[in-house]
Amino acid sequence: MKNFYLTTAIDYANGSPHIGHAYEKVLADAIIRSRRMEGVNCHFLTGLDEHGQKVQETATQRGMAPQDLCDLVAQDFQKLCSRLSIAYDDYVRTTQLRHRTVVQSMLLRLHAAGEIYKAPYRGLYSTRAERFVLERERVDGKWPDDIGDVVELEEENYFFKLSRYQGWLVEFLQKNVNFIIPSFRQRQVVEFLKEPLNDLCISRPKARLRWGIELPFDAGYVTYVWFDALVNYISAVGYGREDFFRNWPADLHVIGKDILVPAHAVYWPIILHAAGVELPKQILAHGWWLAKGGEKMSKSLGNVVKPLDYIDLYGPDAFRYFVLREMAVGQDSNFSHELFTARYQGDLANDLGNLLSRLVHMVRCYADGRFPTAWPAGPEELQLQNRATETIRLVRAFYQSLEFSSALGEIFSLLQETNRYAERRAPWKLAKRASCERELETALASMGEALRIAAILLTPAIPTAAQEILRQLGLPAVSNWLDLAWSNALDGKVVGEGTILFPRVEEAGALSPL
RNA sequence: CGCAGGAUGGAGCAGCUUGGUAGCUCGUCAGGCUCAUAACCUGAAGGUCGUUGGUUCAAAUCCAACUCCUGCACCCA
C-alpha cells in the first residue's frame with residue numbers, strides 16, 4: 001500500500017529559522033497527524049537546501065567551509081522541529097550523496113534526451129555581487145552599493161527546454177483544477193502562463209560558483225537552484241529504486257505562496273513530465289505571517305517574530321495552537337503579541353486548561369479520584385452528548401479538508417459547551433446534598449467523556465497537551481480516532497496527578513514588543 | 001496598465017459557491033457562581049457588512065463601475 005507522502009519546502013541554509021519556517025512545519029505536521037489518526041500510513045519529509053551562492057558567501061565571510069556552515073544551520077532547523085514536536089520521518093539535505101546522485105541522474109537523462117542545451121547568456125554582471133543583475137534593480141537610476149559597477153558580460157550556460165512544455169502544462173492545469181489549493185492560486189498560475197515562458201538557466205560556471213552539484217556532462221559547471229532543490233522530493237524517497245513507488249507520487253507538497261510561481265507550479269511539473277516521472281497529486285500554497293497591522297515582517301522594521309521565543313515561554317503546543325487556529329490556510333494572517341496571548345489565555349488556559357483542572361479536582365474531591373459510571377442520561381447529558389457526536393463528525397471533516405482553524409473552533413465550542421454543562425449541573429452543589437449521588441456521578445462522567453473526546457480531536461494540533469489531558473483523565477495515549485464515539489471509556493479510571501496544563505504567563509514584558 | 005487577494009460593531013475573523021431576521025472570539029458594561037489556572041456561567045451595549053448604481057418581493061451574499069490596502073519570477077514560509 002502506498003503511503004500518504006507529504007513534503008514541506010526545504011529551508012534555505014543561508015539564514016536562521018523564523019515564523020514562516022515554523023508555521024510550515026506545524027501545518028504539515030498537523031496534516032500528517034490528522035491522517036495518521038484516520039489510520040493512514042504516512043511518510044513526512046522535510047529538509048534543508050544547502051547549495052548556492054549565498055551559502056558559499058556566508059561561509060567565506062565566517063571563514064568556514066560551506067559544509068560546516070550547513071551542518072550548523074541544519075542543527076538549528078532540526079532543533080526548531082524538535083521543539084515543535086514535528087514528527088517527520090525523513091530529513092533530506094541536498095549535500096547528501098543520495099540526493100546528489102539523483103540530481104545527476106536526472107540531469108544526465110534529460111541531457112541525453114535533448115532537453116538540455118548549451119547557449120550563451122548575455123547580461124549585466126556585477127563583480128562585487130558576483131552575479132548577473134537586472135535593470136530593474138537600479139535605484140533612482142543608480143546601482144546600489146552591494147552591486148557596484150556592472151559590466152556587460154557573455155557567459156555560456158546550460159538551459160532546460162522549459163518553453164516547449166508550456167502548452168502541455170496549461171492543458172494539465174485545465175484538466176486538474178484542484179492541482180493547486182487554494183483554488184485562487186491555481187488561477188494565478190494559469191494567468192502567469194499566458195505570457196510565454198523562457199527556457200530555464202540551470203547552470204553556473206564553477207569559476208563563479210563552486211558550492212553546488214557538478215553537471216554530469218560538463219565538469220566545468222554546477223547546477224543551479226531549482227534542479228537541485230526541487231529534486232529533493234524524489235531523491236529522498238529513492239527515485240530509481242524499486243521502493244520509490246511506496247511513496248511517490250507525493251500526495252501533497254506544502255509550500256509558501258512565494259515559491260509557487262514559477263518554481264513549484266511551473267518548473268517542477270515540467271521537469272517531472274520531461275523526465276517521465278508522475279506528477280505530485282496536489283500542492284498547497286499557504287499564506288504569510290504579517291506583523292501587527294498587516295506589515296510585512298522584516299529585519300529593518302525590527303518586527304520579526306522569533307518562534308523560539310514563544311515556544312520557550314509558552315510551550316510548543318501553544319505556538320502550534322495559535323498558528324493553526326489563527327490562520328485560515330492559504331490566507332495571510334497577523335501575528336502579534338496581543339493576538340497570541342489572547343488565544344493562549346482565553347482558549348488554552350481558561351477554556352481548556354481550567355476545565356481539566358476543575359474536573360480532575362472534582363473527581364478527586366467527590367469521587368475518590370476515580371471516574372464514576374454514568375447513570376442513564378437526562379436531557380442535559382443528551383444535549384452534551386449530541387454536541388460531542390456532532391463535533392467528532394465535523395472536526396474529522398475539517399481536518400480532512402485542511403480547515404484547521406474551523407476544526408479547532410469546533411473543538412473549543414464543545415469545551416465551552418462542557419463548561420456550560422458544568423454550570424447547569426453544578427456538581428459542587430450536588431455533592432453537598434444527600435440523595436443526589438446519581439446526578440453527581442453522571443455529571444462527572446459526562447464532563448470527563450466530553451473532555452476525552454476533545455483531547456483526542458486535539459491530538460493533531462497539540463499532541464503533547466492532548467496526551468497530557470488523557471493522562472490526567474487516567475487514559476493511555478491513542479493512535480487513531482477511527483472508533484471515536486461517546487462511550488464509557490472513563491469508567492473507573494483513576495485520575496492522574498494534576499498539573500497545570502497551560503499556566504498563566506505573567507511576564508507581560510518578557511518578550512520584546514513587536 | 002494588467003492579474004490576484006483583502007475591505008463586516010473598539011481589535012482579529014467567519015458568513016458570500018446554493019440571495020431571505022448579521023455570527024464568532026477578544027475587549028467594554030452589568031449580574032451570577034465558587035469545583036477550578038482572579039478561572040467558569042448569564043445578560044446588555046456596540047455594525048446602514050469600503051463607495052455608487054443595477055437585478056430581485058428580498059443582497060454582506062449576484063452584476064457593473066469606482067476607492068483604498070497588500071502581493072506579483074534577486075532573496076524571503
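All values reported here derive from a predicted model rather than from experimental measurement. (Residues numbered from 1 in each chain as written. Chains lettered and ligands numbered in written order. Predicted model: local features only at pLDDT ≥ 70, side-chain atom pairs only at ≥ 80, totals over all residues. Heavy atoms only, no water.)

1. Things to note about unusual backbone geometry
Here comes step 1: The amide bond that connects isoleucine 181 to the next residue, proline 182, takes the cis arrangement and shows omega of -5°.
Here comes step 2: As for its placement among the helices and strands, proline 182 is situated in the loop between strand 8 (180-181) and helix 6 (183-192).
Here comes step 3: Across the junction of tryptophan 248 and proline 249, the peptide omega takes the value 5°, indicating a cis bond.
Here comes step 4: The topology assignment puts proline 249 in the loop between helix 8 (232-235) and strand 13 (252-256).
Here comes step 5: Phi is positive for leucine 402, close to 65°, though the residue is something other than glycine. (Helix = DSSP H or I, 4+ residues; strand = E, 2+ residues; numbered from the N terminus.)

2. Some thoughts on the pattern of salt bridges
Here comes step 1: Enumeration according to the criterion identifies 32 salt bridges in this entry.
Here comes step 2: A salt bridge links glutamate 38 to arginine 396, with the shortest nitrogen-to-oxygen separation between them at 2.9 Å. A residue pair is termed long-range when its members are at least 10 positions apart, and glutamate 38 in the loop between helix 1 (19-37) and strand 3 (42-49) and arginine 396 in helix 13 (residues 379-400) qualify at 358 residues.
Here comes step 3: A salt bridge links arginine 122 to glutamate 154, with the shortest nitrogen-to-oxygen separation between them at 2.9 Å. Of the two residues, arginine 122 sits in strand 5 (residues 116-126) while glutamate 154 sits in strand 7 (residues 150-160), which places them 32 residues apart along the sequence.
Here comes step 4: Here glutamate 154 falls in the partly exposed class, since its relative accessible area comes to 48%.
Here comes step 5: Each of Glu380, Arg387, Glu417, Arg420 and Arg424 takes part in a single network of salt bridges with overlapping partners. (Salt bridge = Lys/Arg side-chain N within 4 Å of Asp/Glu carboxyl O. Buried < 20%, exposed > 50% of the residue type's maximum accessible area, 1.4 Å probe, protein only.)

3. Focus: the pairing of strand 4 (residues 90-93)
Here comes step 1: Of the two faces of strand 4, the one holding Asp90 and Val92 and the one holding Tyr91 and Arg93 are both buried throughout.
Here comes step 2: Relative to strand 4, strand 3 runs parallel, the two being bridged by four bridges. When the sheet's bridge partners are listed, leucine 45 is paired in strand 4 with aspartate 90. (Pairing = 2+ DSSP bridges.)

4. A closer look at the packing of helix 14 (residues 404-425) against helix 16 (residues 437-458)
Here comes step 1: At a closest axis distance of 10 Å, the pairing of helix 14 and helix 16 adopts a crossing angle of 170°. Compared by their axis directions, helix 14 and helix 16 come out roughly antiparallel. Contacts from Leu408, Ile411, Phe412, Leu414, Leu415, Thr418, Tyr421, Ala422 and Arg425 in helix 14 reach Glu439, Thr442, Ala443, Ser446, Met447, Ala450, Leu451, Ile453, Ala454, Leu457 and Leu458 in helix 16.
Here comes step 2: Of the residues that constitute the contact of helix 14 with helix 16, the class distribution is 15 nonpolar, three polar and two charged. (Axes fitted to C-alpha atoms, helices over the stretch in contact; angles between N-to-C directions. Parallel < 35°, antiparallel > 145°, perpendicular 65-115°, else oblique. Contact = heavy atoms within 4.5 Å. Nonpolar A, V, L, I, M, F, W, Y, C, P; charged D, E, K, R; others polar.)

5. A look at the sheet that holds strand 7
Here comes step 1: Across the sheet, four strands lie side by side as 6-5-7-9; this open sheet has antiparallel pairing. Whereas interior strands pair on both sides, the edge strands pair on one side only; in this sheet they are strand 6 (131-133) and strand 9 (200-201).
Here comes step 2: Sheet topology note: the strand 5/strand 6 ladder contains three bridges and is antiparallel. Pairing of serine 126 across the sheet is with arginine 131, part of strand 6.

6. Section: the pairing of strand 12 (residues 218-223)
Both faces of the sheet carry side chains from a regular strand, because those side chains alternate between them.
Here comes step 1: Two elements, strand 10 (residues 203-205) and strand 12, share three bridges in a ladder whose sense is antiparallel. Residue pairing for strand 12: serine 203 is matched across the bridge by threonine 223.
Here comes step 2: As defined by bridge partners, strand 11 (residues 214-215) adjoins strand 12 across two bridges and the pair is classed as antiparallel. In the strand pairing of strand 12, leucine 215 is matched with aspartate 218.
Here comes step 3: Connecting strand 11 to the next strand, strand 12, in antiparallel fashion are two residues.

7. Describing the domain arrangement of chain A
By convention, interface size is frequently given as the accessible area that disappears when the constituent parts associate.
Here comes step 1: As far as domains go, chain A holds domain 1 (4-287) and domain 2 (336-472).
Here comes step 2: Averaged C-alpha coordinates put domain 1 and domain 2 at centres separated by 45 Å.
Here comes step 3: Across the boundary between the two partners, domain 1 contributes 12 residues, which contact 10 residues of domain 2.
Here comes step 4: Roughly 950 Å² of surface becomes buried between domain 1 and domain 2 when both sides are summed, with 65% attributable to carbon and sulfur atoms.
Here comes step 5: If you sort the residues of domain 1 by the area they bury against domain 2, Arg35, Met37 and Glu38 come out on top, with a joint share of 43%.
Here comes step 6: Connecting domain 1 to domain 2 are one salt bridge.
Here comes step 7: For the pair domain 1 and domain 2, the interface holds two residue pairs in polar contact (both at pLDDT 80 or more). (Domains from an automatic or database assignment. Buried area = accessible area lost by both parts, 1.4 Å probe. Polar contact = N/O pair within 3.5 Å; in protein donor to acceptor, adjacent residues only side chain to side chain.)

8. Describing the packing of aromatic side chains
Here comes step 1: Counting across every chain of the model gives 30 aromatic pairs.
Here comes step 2: Centre to centre, the rings of tyrosine 5 and tryptophan 248 are 6.1 Å apart; their planes meet at 65°, and the pair counts as edge-to-face. In this pair, tyrosine 5 is assigned in strand 1 (residues 4-8) and tryptophan 248 in the loop between helix 8 and strand 13, connecting sequence segments 243 residues apart. Like tryptophan 248, tyrosine 5 is buried.
Here comes step 3: The structure contains a cluster of three or more aromatic residues connected by ring pairs, namely Tyr23, Trp289, Tyr310, Tyr314, Phe319, Phe322, Phe335, Phe340, Tyr344 and Phe502.
Here comes step 4: Here the basic side chain of arginine 204 rests over the ring of tyrosine 224, its NZ or CZ set 3.7 Å away from the ring centre.
Here comes step 5: Above the plane of the ring of tryptophan 375 lies arginine 438, whose end atom (NZ or CZ) is 3.8 Å from the centre. (Phe/Tyr/Trp six-rings, centres within 6.5 Å; stacked < 30°, edge-to-face > 60°. Lys NZ or Arg CZ within 6 Å of the ring centre and 35° of its normal.)

9. Comments concerning the state of the cysteines
Here comes step 1: One pass over the structure, following the stated rule, counts zero disulfides.
Here comes step 2: With no disulfide of its own, cysteine 436 lies 18 Å from the sulfur of cysteine 365, the closest cysteine sulfur. (Disulfide = S-S within 2.5 Å.)

10. Side note on the sheet that holds strand 15 (residues 289-291)
Here comes step 1: The mixed open sheet is built from three strands, whose spatial order is 16-15-17. Each edge of the open sheet carries a strand with a single partner, namely strand 16 (295-296) and strand 17 (333-334).
Here comes step 2: Inspection of the sheet shows strand 15 paired to strand 17 by two bridges, in the parallel sense. What sits directly across from leucine 290, in strand 17, is asparagine 334.

11. Describing helix 4 (residues 97-112)
One full turn of an α-helix is made of 3.6 residues, so residues set three or four places apart face in the same direction.
Here comes step 1: The terminal C-alpha atoms of helix 4, which comprises 16 residues, lie 22 Å apart, in line with the 22 Å expected from a rise of 1.5 Å per residue.
Here comes step 2: Every buried residue of helix 4 is listed here: His99, Val102, Val103, Met106, Leu107 and Leu110. Considered in projection along helix 4, the buried side chains sweep an arc of 135° and stay on one side of the axis. Facing away from the buried side of helix 4 by over 90 degrees, the exposed positions are Leu97 and Ala112.
Here comes step 3: Glycine 114 sits one or two positions beyond helix 4 and adopts a positive phi of about 80°. (Expected span 1.5 Å × (residues − 1). Arc of directions from axis to C-beta.)

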